[in-house]
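Observations on the three-dimensional arrangement
This is what each chain is made of:
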Amino acid sequence: MGAVNSSKTQLAPDLGDMSKEDFRRLGHDLIDWIADYFEQIDERPVLAAMEPGDLRAKLPSTPPAQGEPMEKIIEDVDRLIVPALTHWCHPSFFAYFATSTSAPGILGELLTAAFDNKAMLWRTSPASTELEEVVLDWLRQMMGLDPGMSGIIYDTASVSSLHAIAAAREGVEKRIREEGMSGRPDLPLLRVYVSEHSHSSIEKAVITLGLGQRGLRKIPTDSKFRMDTRALAKAIAEDKRNGYLPFCIVATVGTTSTSSIDPVPEIVPIGEEHVMWLHVDAAYAGSAAIVPEFRDILAGCERADSIVTNPHKWLFTPFDLSVLYCRHMDLLKRAFSLVPEYLRTPEQEKVRSGSDYGIQLGRRFRALKLWMVMRYFGHEGLAARIREHCRLARLFASWIEQSPDWELMAPVPLALVCFRARKDSTEGAIDLDALNENIMHRVNASGRALLSHTRLNDKLTLRLSIGNIRTTEKHVRDIWELLNQQLQRQLRRTT
Ligand SMILES: Cc1ncc(COP(=O)(O)O)c(C=O)c1O
């Protein structure tokens, strides 16, 4: 990749920042460098080909006493850092939930870094505060969410869900903000309900909020990995009889292992009957609701209390940007607002201050990149890309279904395929878990693609997730070929 070639830049001056001439030249060069990176990304190994500690061993253990030329620093990025990257923007990155940034998003990040606003109060960044409100209202409309939902940006879904559960806890009216939870015989044990396929971030939030792991009850799922609502109703009734205070249900629209969608329309009345907060974790799948024909994945969510969705997952927005939509911003504010004298402003009663709604004081100007992504692609452009990813996933799933060697392990509602090599492909007794794990390791070690796995019905299952803006049918055909080659190779080895 072309290194930055401006040989005439200066070292840092004694005081003050880099000269504007150098900044201009280096900035242009760096954008060229990024453009080259994307142009040649296909040729790189997706997974960093290195051993733990390799990079550290190549870096000095003490900081530089004097400044160094920027060209040399960027050369080191090229030489040392890039080989130690796992390339999430590689079009054959199919692991976890495949995601990618996009050019307008990168330009937005660049501006955010340049403005460096700390948007804790309206006056410390009116643009951030007001653009966030506008952009989140646009996204709400695109997703078909209820106008009664108001949005706020956090960094990650883990943090969004933590805030939602904290607001739900505030809503139980037990003076937890004032008196805490420990040493209180008057306080029943609070409980949150999730399916056994919910993301670990919910359990972490429950731990962080001091509810303890016993404050979380995991509900079994049906054959399609969706929350069993009869079991949910039974569990809540049982817990109430045993003195618990059930206060929150977290449904998942797009679970991490399989992208299954909990039956929110059936969960809503259960929550309403017991006056519980319903939070929907749509961190991954929420973006798909902007595609008109997929909008029904959010059926029932018009009656939820809060929903999280991550534009940094499937809306081509650079990490990080997570959105929490909430119907009770007053409770969120009651849980978190604390305004010391030095943060009081004359307009505070008339405006929204981001720091009132979370644990952070300073907040990044994240709305800018999302605004730029939305304006550049438009609703239809974004929907077309998500629709194409779902088409590619269905295509891959159809090859699995037609093959005697492979089987689908879960339905494919969106752009994630769960599959594995099946018994018929093997002769005699063979450990299918080991076979599939070996295939995955071989594919990943080849550097040509990256897959991840999960365990379904106690079977090791491979996951192929399509969500990268650069992924095309060719990349999906390539991984299919690679998987079949690896399967044959593994079989030859075991027979
Ligand atoms: C369903 C679901 N919820 C939450 C998360 C956590 O996301 P984040 O990394 O933004 O905290 C994930 C991550 O993949 C997820 O799949």
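Attention here is on the structure that accompanies the text.

Here is what the cut-offs are and how they apply
Residues numbered from 1 in each chain as written. Predicted model: local features only at pLDDT ≥ 70, side-chain atom pairs only at ≥ 80, totals over all residues. Heavy atoms only, no water. Helix = DSSP H or I, 4+ residues; strand = E, 2+ residues; numbered from the N terminus. Rg over C-alpha atoms; globule rule 2.2 N^0.38 Å. Buried < 20%, exposed > 50% of the residue type's maximum accessible area, 1.4 Å probe, protein only. Contact = heavy atoms within 4.5 Å. Areas by Shrake-Rupley, 256 points an atom, 1.4 Å probe, with all protein chains shown as cover. Salt bridge = Lys/Arg side-chain N within 4 Å of Asp/Glu carboxyl O. Near = heavy atom within 4 Å. Polar contact = N/O pair within 3.5 Å; in protein donor to acceptor, adjacent residues only side chain to side chain. Pairing = 2+ DSSP bridges. Axes fitted to C-alpha atoms, helices over the stretch in contact; angles between N-to-C directions. Expected span 1.5 Å × (residues − 1). Patch = residues over 30% accessible without salt bridge, like charges linked within 9 Å, V, L, I, M, F, W, Y side chains within 5 Å.

Counting its secondary structure elements, the chain contains 15 helices and 11 strands. Against the globule reference of 23 Å for 495 residues, the chain gives a C-alpha radius of gyration of 25 Å, in line with a compact fold. The buried share among the 495 residues of the chain stands at 52%. Within the chain, contacts between residues separated by at least 24 positions form 74% of all contacts whose residues are at least 6 apart in sequence. Put simply, the chain shows about 23,500 Å² of open surface, and 52% of that area lies on carbon and sulfur atoms.

For the coordinates displayed, the defined rule picks out 34 salt bridges. Among the ionic pairs, Glu 179 bridges to Arg 175, the shortest N-O distance being 2.9 Å. Judged by relative accessible area, Arg 175 falls into the partly exposed class, the value being 48%. The network of salt bridges with common partners includes Glu 109, Asp 320, Arg 364, Arg 366 and Lys 369.

A few words now on the site of the ligand. Not every one of the 13 residues close to the ligand is listed here, only the nearest: Ala 157, Ser 158, Thr 256, Asp 281 and Asn 310. Between the ligand and the protein, one listed contact pairs an oxygen atom with a side-chain N or O atom of Ser 158 at 2.5 Å. One of the side-chain nitrogen or oxygen atoms of His 312 is found 3.3 Å away from an oxygen atom of the ligand. For the ligand, whose unbound accessible area comes to 400 Å², protein coverage reaches 86%. For the shell around the ligand, the secondary structure elements donating two or more residues are α6 (157-170) and α11 (311-314).

All right, on to the sheet that holds strand β6 (residues 306-309) then. Sheet architecture is open: seven strands sit in the order β1-β7-β6-β5-β4-β2-β3, paired in mixed fashion. Bordering the open sheet on either side are β1 (150-154) and β3 (216-219), each of which pairs with just one other strand. Ignoring which end each strand starts from, the neighbouring axes of this sheet average 20 degrees apart. The pairing of strand β4 (residues 245-252) with strand β5 (residues 277-281) spans five bridges and is classified as parallel. Along β5, the bridge assignment pairs Cys 248 with Trp 277. Here helix α5 (residues 126-143) sits on the sheet in contact with β1, β6 and β7 (322-326), set at roughly 75 degrees to β7. Sheet strands touched by helix α8 (residues 200-208): β2 (190-195), β3, β4 and β5. Its angle to β3, the strand with the most contacts, is close to 160 degrees.

Taking 1.5 Å of rise per residue, the 18 residues of α5 would be expected to cover 26 Å, and the 26 Å separating its terminal C-alpha atoms lies within 8% of that figure. Immediately beyond the C-terminal end of α5, within one or two residues, lies Gly 144, with a positive phi of roughly 70 degrees.

With that settled, consider a nonpolar patch on the surface. On the surface, a nonpolar cluster with roughly 260 Å² of combined accessible area is contributed by Ile 31, Leu 107 and Leu 110. The class of Leu 110 is exposed, set by a relative accessible area of 51%.

This next bit is on the sheet that holds strand β9 (residues 416-421). Two modes of strand pairing occur in sheets, parallel and antiparallel, and in both the strands are linked by backbone hydrogen bonds. Strand order across the open sheet formed by four strands is β8-β9-β11-β10, with antiparallel pairing between neighbours. On the outer flanks of this sheet lie β8 (406-408) and β10 (452-456), each paired with one strand and no other. Here the strands of the sheet are splayed against their neighbours by 40 degrees on average, with no regard to which way each runs. Pairing between β9 and strand β11 (residues 459-465): four bridges, direction antiparallel. Looking at the pairing, Cys 418 lines up with Arg 463 of β11. Packed on one face of the sheet, helix α13 (residues 367-402) meets β8, β9 and β11 and runs near 20 degrees to β9. Docked against the sheet, helix α14 (residues 432-446) engages β8, β9, β10 and β11, running at close to 120 degrees with respect to β9.

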